[in-house]
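# Survey of secondary and tertiary structure
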Amino acid sequence: QVQLVESGGGLVQAGDSLNVSCVASGRTFSVYGMGWFRQAPGKEREFVAAIGRRFGTTRYAESVEGRFTISRDNAKKTVYLQMNSLKPEDTAVYYCAADQLGLLRIGVRGDEYDYWGQGTQVTVSS
């Protein structure tokens, strides 16, 4: 069992940067694959980025490739999402998630993740 708490969201202008964090409880954070998803009003939840257990293997949605960077610090039980060159279309609630099968895959679908945070709002004004 793991609990996830996101923080760092806020209101920024287009072109700005923002770093959101997700802190996990429990002792086995390092075994989980971690991902970030987002959901904008009236839209379905979508994959943003994911990172593997140990070697930092990452995957990104095409819409954020080159602008967003996911990273993790297993000692701090924290996963980060550095967002640069933000656009109004990046406005959404951002959720982090943990995948118990992180050893076997880097999940890009929501149903591949077992635990979810409560989300943090990111709003990008034009």
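The text that follows walks through the structure, step by step, so that each part is easy to find. In this text, all values refer to a predicted model and were calculated from it rather than measured experimentally.

## Some remarks on the packing of aromatic side chains
Inspection of every chain in the model, using the stated rule, returns five aromatic pairs. Between tyrosine 32 and tyrosine 115 the ring centres are 6.0 Å apart and the planes differ by 85°, which places this aromatic pair in the edge-to-face class. Of this pair, tyrosine 32 sits in the loop between β3 (18-24) and β4 (33-39) while tyrosine 115 sits in strand β10 (residues 115-116), and the two are 83 residues apart along the sequence. A single burial state applies to tyrosine 32 and to tyrosine 115, both of which are buried. Aromatic side chains phenylalanine 37 and tryptophan 116 sit 5.0 Å apart centroid to centroid with 55° between the ring planes, which places their arrangement in the tilted category. Within this pair, whereas phenylalanine 37 is found in strand β4, its partner tryptophan 116 is found in strand β10, the two being separated by 79 residues in sequence. Each residue in the set Phe37, Phe47, Tyr113 and Trp116 is aromatic and connected to the rest through ring pairs, giving one cluster.

## Details of the side chain of glutamate 112
Following the sequence through the fold, glutamate 112 ends up in the loop between β9 (92-99) and β10. Aside from chain neighbours lying at most four places away, what touches glutamate 112 is Asp99, Arg105 and Gly107.

## A few points about the nonpolar core
Counting residues in each nonpolar core, the largest one holds 37 residues, and the members touching the most others are Leu4, Trp36, Leu81, Met83 and Tyr94. Elements that contribute at least two residues to this core include exactly β3, β4, β5 (46-51), β7 (68-73), β8 (78-83), β9 and β11 (120-125). Beyond its immediate stretch of four places on either side in the chain, leucine 81 contacts Leu18, Asn19, Val20, Trp36, Val48, Ala49, Phe68, Thr69, Ile70 and Tyr94.

The rules we used
- Residues numbered from 1 in each chain as written.
- Predicted model: local features only at pLDDT ≥ 70, side-chain atom pairs only at ≥ 80, totals over all residues.
- Heavy atoms only, no water.
- Phe/Tyr/Trp six-rings, centres within 6.5 Å; stacked < 30°, edge-to-face > 60°.
- Helix = DSSP H or I, 4+ residues; strand = E, 2+ residues; numbered from the N terminus.
- Buried < 20%, exposed > 50% of the residue type's maximum accessible area, 1.4 Å probe, protein only.
- Contact = heavy atoms within 4.5 Å.
- Core = buried A, V, L, I, M, F, W, Y, C linked by side-chain atoms within 4.5 Å.

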